[in-house]
Amino acid sequence: MQYIDLHVHSTFSDGTCSPEELVDIALHTNLVAIALTDHDTVDGVDRAIEASSGTPLEVLSGVELSCEYVISPERKKEIHILGYRLDHKQPKLLETLQTVARERDERNQKMCENLHADGFPITYEELSARFGETILTRAHFARFLLEKGAIPSIDSAFKKILAQDGPYFVSRNYLTPKTGIELILEAGGIPVLAHPLLYKMSVSELRNLLTELKSYGLRGIEAMYSRNRGTDEAFVRKLANEFDLFITGGSDFHGANKPDLRLGRGEGNLFIPAMLLANLK
């Protein structure tokens, strides 16, 4: 059987492998297709496609959009919408992503100021110089602080100092789910809800979320995922049937930023059949 990975990150967001390195790893893992789904950017797509030229590997253009879903006036959740096979050069898409990048930079500067004021060895200038032209995320903060010896592990940073309810976190302006899905559709892409169980919603809240997203044009849901446990996949497949959504799957590979995950294999037992590509035609 042939296998694929539809959720992969590069150095253009918070992964540690270049697009070319991802293609090389995918070929050595005998995958037949991957989707480059960097956070809020499509800047690495052309390089991945070019690197795969003349090889058996298909690279799908993709993106992972960060959106804010309002459960109630008191509760909001960051959710991620994957976009597949979209025109990654469409002007409106690029303009919107540039705006998102500027707003993220403003947030990152404020977080650096908060951390620095409390004695952490970090400034925005140093962080930017370390990682170059990329979409800086909390994973970059964690890696930088780890390299400086200020934290024991990347995981500990996310649980404490970089947590959304932590003392240094700064919220930012997000796309709405409606805007995110419409942006993907207008670029000719296919919108899919990423890792639905990571949002820690109740079953009724998840159903409300899917009802709303479906009304905007959501087409699929990521049922096969690295962090699934026990009956998680079966539960998401049941939701997919209930809401007439197709399923996709991915490792959410980030290289050294998530060292326990392998491209195409997740923690070792993830195998995503190539037949799922038919859903993205």
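Use the structure listed above.
Residues numbered from 1 in each chain as written. Predicted model: local features only at pLDDT ≥ 70, side-chain atom pairs only at ≥ 80, totals over all residues. Heavy atoms only, no water.

Peer 1: I'd like to hear about the overall build of the chain, residue by residue, with values.
Peer 2: Per the secondary structure count, the chain includes nine helices and eight strands. What you see for the chain is a C-alpha radius of gyration of 18 Å, in line with the 19 Å of a compact globule of 281 residues. Dimensions of the chain, computed from C-alpha atoms along their principal axes, come out at roughly 50 × 45 × 40 Å. Taking all 281 residues of the chain together, 55% fall into the buried category. A sequence separation of at least 24 residues applies to 72% of the contacts in the chain between residues at least 6 apart. For the chain, the exposed surface amounts to about 12,600 Å²; the carbon and sulfur share of it is 49%. For the chain, the centre of its 31 positive side-chain charges and the centre of its 40 negative side-chain charges are spaced 5 Å apart. (Helix = DSSP H or I, 4+ residues; strand = E, 2+ residues; numbered from the N terminus. Rg over C-alpha atoms; globule rule 2.2 N^0.38 Å. Buried < 20%, exposed > 50% of the residue type's maximum accessible area, 1.4 Å probe, protein only. Contact = heavy atoms within 4.5 Å. Areas by Shrake-Rupley, 256 points an atom, 1.4 Å probe, with all protein chains shown as cover. Lys, Arg positive; Asp, Glu negative; His and termini not counted. Charge placed at Lys NZ, Arg CZ, Asp CG, Glu CD.)

Peer 1: I'd like a rundown of the sheet that holds strand β5 (residues 190–193), residues and numbers included.
Peer 2: An order of β7-β6-β5-β4-β3-β2-β1-β8 is seen for the eight strands of this open sheet, with the pairing classed as mixed. What marks the edges here is a single partner per strand, and that holds for β7 (246–250) and β8 (272–273). As paired elements, strand β2 (residues 31–36) and strand β3 (residues 58–72) share four bridges and run parallel to each other. Residue pairing in the sheet places alanine 35 in a bridge with leucine 60 of β3. On the sheet, helix α8 (residues 203–216) packs against β3, β4 (75–84), β5 and β6 (220–225) and is oriented at approximately 120° with respect to β3. (Pairing = 2+ DSSP bridges. Axes fitted to C-alpha atoms, helices over the stretch in contact; angles between N-to-C directions.)

Peer 1: Summarise the pairing of β7; cite the residues concerned and give the values.
Peer 2: Summarising burial for β7: five of the five residues are buried, a large majority. On β7, burial covers both faces: Phe246, Thr248 and Gly250 on one face and Ile247 and Gly249 on the other are all buried. Looking at chain direction, β6 and β7 are connected through five bridges and run parallel. Considered in β7, the bridge of methionine 224 is made with glycine 249. Handedness of the crossover joining β6 and β7 through helix α9 (residues 232–242) is recorded here as right-handed. (Right-handed = clockwise from strand over helix to strand, strands pointing away.)

Peer 1: Run through the nonpolar core, naming residues and quoting values.
Peer 2: With 65 residues, the main nonpolar core has Ile4, Ile79 and Leu193 as its most contacted residues. When neighbours within four sequence positions are excluded, leucine 193 is seen to be in contact with Ile79, His80, Ile81, Tyr199, Leu209, Leu210, Leu213, Leu218, Gly220, Ile221 and Glu222. Within the second largest apolar cluster, 21 residues are counted, among which are Met111, Ile122, Tyr124 and Phe141. (Core = buried A, V, L, I, M, F, W, Y, C linked by side-chain atoms within 4.5 Å.)

Peer 1: Account for the pairing of β2, with residues named and values stated.
Peer 2: Summarising burial for β2: six of the six residues are buried, a large majority. In this structure, strand β1 (residues 3–8) lies alongside β2, joined through four bridges in parallel fashion. Paired with tyrosine 3 across the strands is leucine 31, a residue of β2. On the question of chirality, the crossover connecting β1 to the parallel β2 by way of helix α1 (residues 19–28) is right-handed.

Peer 1: Talk me through helix α2 (residues 45–52); I want residue IDs and the actual numbers.
Peer 2: Regarding α2, the residues found buried are Val45, Ala48 and Ser52. Seen along its axis, α2 keeps its buried residues to an arc of 70°; they face one direction. Following α2 by one or two positions, glycine 54 adopts a phi angle in the positive range, close to 80°. (Arc of directions from axis to C-beta.)

Peer 1: Tell me about helix α4 (residues 124–131), and name the residues and values.
Peer 2: Buried within α4 are the following residues: Tyr124, Leu127 and Phe131. Buried residues along α4 cover an arc of 65° about the axis, so they all sit on one side. Among the exposed residues of α4, those pointing more than 90 degrees away from its buried face are Glu125 and Ala129. Those residues of α4 hidden inside the fold are in contact with α3 (91–117) and α5 (138–147). A positive phi of about 70° marks glycine 132, the residue just after α4.

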